[in-house]
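Here are the chains, one letter per residue:
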Amino acid sequence: MSGWSSPHLLGMRGLAREAIEAVLELAARRRPHAEAQAPPLGLLAGRTVANLFFEPSTRTRTSFTLAARRLGAEVIDYAVAAGSTVKGESTVDTARNIVAMGVDALVVRSAHAGTPVLLARHVDAAILNAGDGAHEHPTQALLDLFTLREIFGEVRGLQVLIVGDIGASRVARSNLWALRTMGAEVTLCGPPTLVPRAFEALGARVAHRLEPELERADAVMLLRIQHERHRAGAIPSVREYARLFGMTAERAARLRPGAIIMHPGPIHRGVELMPEVADGERSVVLRQARNGVAIRMAVLELCLEARRRG
Ligand code: CP
């Protein structure tokens, strides 16, 4: 398992290419065991993984649960609405108490950027960031790299166009770090209110018109508008956004042969992605979701092995 040494996965920023390669290579080996019909591996037998999701999730929570189970670990779900955080307990105290009961890894989703870093400093467990505010969503970026590599063979040199609410998106940030580390070219596209020029300093091109970008992209990643991270009224017109930046069948037809459409989910059909494109032949949306299980198997295994080694 060379290339990986940390008991935590907190973000893609600063993660070395060798560490990313270690995850992708292990995920490829675990891929057959990520399928529903495969018998579980016993590699994490005797370990316990706890999901601490302070924000909603379908894909990340489900796939971490399946990943842990398919490695033989026990999984518990902390039910936020029924837990003592609603009585004023701090996130650190909640996490420490859960870990005190014999939990080895915490999978954490929070509305607050930095929560996984805070827990990694103060809690004696492996911490896996399942999305923190607008900051990072590292396992989404890893499964996106895995999907790109499956389809194109190599990420280096790919032109990846990320369209949407970039400023508020943890998926965009994690993908930007990951894709740049792996040698892809990244263009961030959307209205100036959602895609600040400041992203150019992080190594991306910034574009405020979609049409001229379509013909050069190998992969187009559509992101939803993160209404939960905007003040009411900050997005003047969703209909206008869809007209200017939504991926329609007509726009998809202008992509290069072999270009793919990606989306981390959840999709707002009819806004950033039209239904016929979401379900069309270029779409790899469900492949991304499926690959999430193998990637999360790999990161759980690598982090818990690094923790065991101390
Ligand atoms: N892509 C993603 O994080 O989806 P969920 O919010 O459903 O986990």
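Residues numbered from 1 in each chain as written. Predicted model: local features only at pLDDT ≥ 70, side-chain atom pairs only at ≥ 80, totals over all residues. Heavy atoms only, no water.

(A) Molecular detail of the domain arrangement of the chain. Along its sequence, the chain is carved into domain 1 (17–136 + 289–309) and domain 2 (138–284). Taking the mean C-alpha position of each, domain 1 and domain 2 sit 26 Å from one another. Across the contact, 27 residues belong to domain 1 and 24 residues belong to domain 2. Per-residue buried area on domain 1 facing domain 2 is highest for Arg-17, Leu-24 and Glu-136; these three make up 28% of the total on that side. Linking domain 1 with domain 2 are four salt bridges, by the criterion used here. In this structure, the salt-bridge partner of Arg-170 is Glu-55, at a minimum N-O distance of 3.0 Å. Joining domain 1 to domain 2, the criterion identifies nine residue pairs in polar contact (both at pLDDT 80 or more). Residue assignment for the side of domain 1 that touches domain 2 shows that the elements contributing at least two residues are α1 (17–30), α2 (59–70), β3 (105–110), β4 (126–132) and α10 (285–309). Among the residues forming the side of domain 1 that touches domain 2, the class breakdown is 10 nonpolar, eight polar and nine charged. (Domains from an automatic or database assignment. Contact = heavy atoms within 4.5 Å. Buried area = accessible area lost by both parts, 1.4 Å probe. Salt bridge = Lys/Arg side-chain N within 4 Å of Asp/Glu carboxyl O. Polar contact = N/O pair within 3.5 Å; in protein donor to acceptor, adjacent residues only side chain to side chain. Helix = DSSP H or I, 4+ residues; strand = E, 2+ residues; numbered from the N terminus. Nonpolar A, V, L, I, M, F, W, Y, C, P; charged D, E, K, R; others polar.)

(B) Just the pattern of salt bridges, in detail. Tallying each qualifying case throughout the model produces 23 salt bridges. Measuring nitrogen to oxygen at the nearest pair gives 3.2 Å for the salt bridge that ties Arg-61 to Asp-77. Here Arg-61, found in helix α2, pairs with Asp-77, found in strand β2 (residues 74–78); they are 16 residues apart in sequence, far enough to count as distant. A residue is classified by how much of its surface remains accessible, and Arg-61, at 22% relative accessible area, is partly exposed. A single salt-bridge network, built from bridges that share partners, covers Arg-31, Glu-35, Glu-150 and Arg-287. (Buried < 20%, exposed > 50% of the residue type's maximum accessible area, 1.4 Å probe, protein only.)

(C) A look at the site of the ligand. In the vicinity of the ligand, the contacting residues are Ser-57, Thr-58, Arg-59, Thr-60, Arg-109, His-137, Gln-140, Pro-264 and Gly-265. Within the side chain of Thr-60, an N or O atom sits 2.6 Å from an oxygen atom of the ligand. Measuring from a nitrogen atom of the ligand, one finds a side-chain N or O atom of Gln-140 at 3.1 Å. In isolation the ligand has 250 Å² of accessible area, and contact with the protein removes 92% of it. Two domains each donate at least three residues to the shell around the ligand, and these are domain 1 (17–136 + 289–309) and domain 2 (138–284). (Near = heavy atom within 4 Å. Areas by Shrake-Rupley, 256 points an atom, 1.4 Å probe, with all protein chains shown as cover.)

(D) Representation of the side chain of Asp-144 within the structure. Within the secondary structure layout, Asp-144 lies in helix α5 (residues 138–152). For the buried Asp-144, no salt bridge is present, and the opposite-charge side chain at shortest range is Arg-296, 8.3 Å distant. Separated by 2.8 Å, the side chains of Asp-144 and Gln-288 make a polar contact. For Asp-144, the contacting residues outside a window of four places in its chain are Asn-175, Met-221, Met-262 and Gln-288. (Lys, Arg positive; Asp, Glu negative; His and termini not counted.)

(E) Structural context of the packing of aromatic side chains. With the rule as written, the count across this model stands at two aromatic pairs. Arranged with centres 6.1 Å apart and planes meeting at 55°, the rings of Phe-54 and Tyr-78 form a pair that is tilted. Of this pair, Phe-54 sits in the loop between β1 (48–53) and α2 while Tyr-78 sits in strand β2, placing them 24 residues apart in sequence. With a relative accessible area of 24%, Phe-54 lands in the partly exposed category. By relative accessible area, Tyr-78 is classed as buried at 13%. (Phe/Tyr/Trp six-rings, centres within 6.5 Å; stacked < 30°, edge-to-face > 60°.)

(F) Broad picture of helix α6 (residues 170–181). Helix length check: α6 (12 residues) gives 17 Å between terminal C-alpha atoms against 16 Å at 1.5 Å per residue, within 8%. Among the 12 residues in α6, nine count as buried, and that is most of the element. Looking only at α6, the buried set comprises Arg-170, Val-171, Ala-172, Ser-174, Asn-175, Leu-176, Trp-177, Ala-178 and Leu-179. N-cap assignment for α6: the residue whose side-chain oxygen lies 3.2 Å from the backbone N of Val-171 is Ser-169. A positive phi of about 90° marks Gly-183, the residue just after α6. (Expected span 1.5 Å × (residues − 1).)

(G) Examining the nonpolar core more closely. Core analysis: the biggest nonpolar cluster contains 93 residues, and Trp-4 and Ile-162 have the highest contact counts within it. It is α10 that provides the largest number of residues to this core, a total of 11 residues. The two domains that each donate at least three residues to this core are domain 1 (17–136 + 289–309) and domain 2 (138–284). If we skip the residues at most four places from it in the chain, Trp-4 touches Leu-9, Leu-15, Ala-19, Ala-22, Val-23, Leu-302, Cys-303, Ala-306 and Arg-309. Core analysis: the second largest hydrophobic core is formed by 15 residues, Tyr-78, Val-92, Val-99 and Val-123 among them. (Core = buried A, V, L, I, M, F, W, Y, C linked by side-chain atoms within 4.5 Å.)

(H) Representation of helix α4 (residues 115–122) within the structure. Buried within α4 we find Thr-115, Pro-116, Leu-119 and Ala-120. One side of α4 carries all its buried residues, which in axial view fall inside an arc of 135°. In this structure, the buried side of α4 is in contact with α3 (91–100), β3 and β4. (Arc of directions from axis to C-beta.)

(I) Quick look at the sheet that holds β2. Spatial strand order, β2-β1-β3-β4: four strands in an open sheet with parallel pairing. Strand pairing shows two members of the sheet lacking a second neighbour, β2 and β4, which therefore form its edges. Within the sheet, the average angular offset between the axes of one strand and its neighbour, ignoring direction, is 15°. For β1 and β3, the ladder comprises five bridges, and the chain directions are parallel. (Pairing = 2+ DSSP bridges. Axes fitted to C-alpha atoms, helices over the stretch in contact; angles between N-to-C directions.)

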